[in-house]
Amino acid sequence: MNREVTLPLIVDDRGTLQVAAADVSKLLRTVGGRWLRLVEAGEEGLDEDTVAALTIELAKLADRIDVACIAHSSGGAP
């Protein structure tokens, strides 16, 4: 299953991005990591397989953001 995700980011009235892409990708990785630690700690109500799948998807999204930023900063195609 391949679904595209569009993230509306905060820009000011001049179009300047107010949230750094590196911060967004770091946040995505941090959320996934915290979910995994909760599962490892035995937190009730969390399904291990679901958390693992969601964490992988968050990491993939973070990777896509990072790759797009690298491509943009190096003058490559998005």
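A few points on the structure. Because the structure is a prediction, the values reported are computed rather than measured.

**A look at the overall build of the protein**
Inference 1: Of the regular secondary structure elements, the protein holds 2 helices and 0 strands.
Inference 2: Counting across all 78 residues of the protein, residues that qualify as buried make up 18%.
Inference 3: Long-range pairs, those at least 24 residues apart, make up 48% of the contacts in the protein between residues at least 6 apart in sequence.
Inference 4: Element-wise, carbon and sulfur atoms account for 58% of the exposed surface of the protein, whose accessible area totals about 6,300 Å².

**Quick word on the side chain of Ser25**
Inference 1: If you trace the backbone, Ser25 turns up in helix α1 (residues 21–40).
Inference 2: For Ser25, the side chain forms a polar contact with the main-chain oxygen of Ala22, separated by 3.2 Å.
Inference 3: Ignoring sequence-local partners within four residues, the contact set of Ser25 consists of Ala62, Ile65 and Asp66.

**Looking at the packing of α1 against helix α2 (residues 48–73)**
Inference 1: Relative to each other, α1 and α2 sit at 165°, their axes nearing to 9 Å. Judged by the angle between their axes, α1 and α2 are roughly antiparallel. Remark: the crossing between α1 and α2 carries left-handed chirality.
Inference 2: Tallied by class, the residues present in the contact of α1 with α2 amount to 16 nonpolar, 3 polar and 4 charged.

**Some remarks on the side chain of Thr55**
Inference 1: Looking at where Thr55 falls in the secondary structure, it is placed in helix α2.
Inference 2: A relative accessible area of 13% places Thr55 in the buried class.
Inference 3: Separated by 2.8 Å, the side chain of Thr55 and the backbone oxygen of Val51 make a polar contact.
Inference 4: Apart from the residues lying within four places of it in its own chain, the contact partners of Thr55 are Gly32, Trp35 and Leu36.

**What to know about the environment of Ala59**
Inference 1: Mapped onto the fold, Ala59 is located in helix α2.
Inference 2: Among the residues examined, Ala59 registers a relative accessible area of 27% and is labelled partly exposed.
Inference 3: In the structure, Ala59 is positioned 33 residues away from Lys26 in sequence and 9.3 Å away in space, judged by C-alpha atoms.

**Section: a negative patch on the surface**
Inference 1: A contiguous patch of negative charge on the surface is contributed by Glu40, Asp47, Glu48 and Asp49.
Inference 2: Mapped onto the elements of the fold, Asp49 is located in helix α2.

**Considering α2**
Inference 1: Here α2 spans 37 Å end to end across 26 residues, near enough to the 38 Å set by a 1.5 Å rise per residue.
Inference 2: Within α2 the residues assigned to the buried category are Val51, Thr55, Leu58, Leu61, Ala62, Ile65 and Ala71.
Inference 3: Contacts made by the buried residues of α2 are with α1.

Criteria and thresholds
- Residues numbered from 1 in each chain as written.
- Predicted model: local features only at pLDDT ≥ 70, side-chain atom pairs only at ≥ 80, totals over all residues.
- Heavy atoms only, no water.
- Helix = DSSP H or I, 4+ residues; strand = E, 2+ residues; numbered from the N terminus.
- Buried < 20%, exposed > 50% of the residue type's maximum accessible area, 1.4 Å probe, protein only.
- Contact = heavy atoms within 4.5 Å.
- Areas by Shrake-Rupley, 256 points an atom, 1.4 Å probe, with all protein chains shown as cover.
- Polar contact = N/O pair within 3.5 Å; in protein donor to acceptor, adjacent residues only side chain to side chain.
- Axes fitted to C-alpha atoms, helices over the stretch in contact; angles between N-to-C directions.
- Parallel < 35°, antiparallel > 145°, perpendicular 65-115°, else oblique.
- Left-handed = near helix turned anticlockwise from the far one by under 90°.
- Nonpolar A, V, L, I, M, F, W, Y, C, P; charged D, E, K, R; others polar.
- Patch = residues over 30% accessible without salt bridge, like charges linked within 9 Å, V, L, I, M, F, W, Y side chains within 5 Å.
- Salt bridge = Lys/Arg side-chain N within 4 Å of Asp/Glu carboxyl O.
- Lys, Arg positive; Asp, Glu negative; His and termini not counted.
- Charge placed at Lys NZ, Arg CZ, Asp CG, Glu CD.
- Expected span 1.5 Å × (residues − 1).

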